[in-house]
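One letter stands for each residue in the lines below.
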Amino acid sequence: MDLPSWLRFQVTLLTDAGQLEIDTHLDRQWRTAPPPQQKPLPSHPNLTGTSVLVAEDDAIIGMYIEELLRDAGCIVLGPLVSVTDALTILETQRPDVALLDHTLADGTVAPVAMALTERGVPFALLAGANDLELADGLTFAPRVAKPFGSAALEHMLQELLN
């Protein structure tokens, strides 16, 4: 039986940040062939040029957030994995908005939230199931529940900027 000149398949990666689907196909020699032409992503004029500080200690989630924000036209500061890194950035830069994981590599994000509040920078927490009970004074902060997609993230950024 002859195989078709190419086989199409889809891979779905499940992460804490959500689901990532990859469409591709193989040629007869079973090498990865270039993907078919895709429609360009819609532009996000309201977010273009917005600087976003991202504090997230999970590398995969951080890269996912960074990609979503860059696709929306944002300037990404981070992802930063520690409170120390985030506070160091805030000494020299003032982002328009910030997205903060509740627990970073060196502790809770409360000191970063305090520094952002002092500078008048709006922020939201990226909260997982373990972060539902925030005991460090951050109960007032808006939250994006993990896992989330681009629509939820963009909606939260719009809310913070307005």
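Look above for the structure.
Residues numbered from 1 in each chain as written. Predicted model: local features only at pLDDT ≥ 70, side-chain atom pairs only at ≥ 80, totals over all residues. Heavy atoms only, no water.

**So, the pattern of salt bridges**
Using the criterion set out here, one finds three salt bridges in the structure. A salt bridge links Glu66 to Arg70, with the shortest nitrogen-to-oxygen separation between them at 2.9 Å. Within this pair, Glu66 and its partner Arg70 are both found in helix α1 (residues 59–71), separated by four residues, close to a single helical turn. Residue class for Arg70 comes out partly exposed when judged on its relative accessible area of 44%. The salt bridge involving Lys146 is made with Asp101; its shortest N-O contact spans 3.1 Å. Placement of Lys146 in the loop between β9 (143–145) and α4 (150–161) and of Asp101 in strand β5 (residues 97–101) is noted, with a sequence separation of 45 residues between them. (Salt bridge = Lys/Arg side-chain N within 4 Å of Asp/Glu carboxyl O. Helix = DSSP H or I, 4+ residues; strand = E, 2+ residues; numbered from the N terminus. Buried < 20%, exposed > 50% of the residue type's maximum accessible area, 1.4 Å probe, protein only.)

**Some remarks on the packing of helix α2 (residues 83–92) against helix α3 (residues 110–119)**
Running from N to C, α2 and α3 point in directions that differ by 15°, and their axes come no closer than 9 Å. As summarised for this structure, α2 and α3 are arranged roughly parallel, according to the angle between their axes. For α2 against α3, the interelement crossing comes out left-handed. Contact residues: α2 offers Val83, Ala86, Leu87 and Leu90, while α3 offers Pro111, Val112, Ala115, Leu116 and Arg119. Of the residues that constitute the contact of α2 with α3, the class distribution is eight nonpolar, no polar and one charged. (Axes fitted to C-alpha atoms, helices over the stretch in contact; angles between N-to-C directions. Parallel < 35°, antiparallel > 145°, perpendicular 65-115°, else oblique. Left-handed = near helix turned anticlockwise from the far one by under 90°. Contact = heavy atoms within 4.5 Å. Nonpolar A, V, L, I, M, F, W, Y, C, P; charged D, E, K, R; others polar.)

**Quick notes on the side chain of Ser51**
Its location among the elements puts Ser51 in strand β3 (residues 51–55). Since its relative accessible area comes to 12%, Ser51 is described here as buried. Setting aside chain neighbours within four positions, we find Ser51 in contact with Ile75, Arg94, Pro95, Asp96 and Val97.

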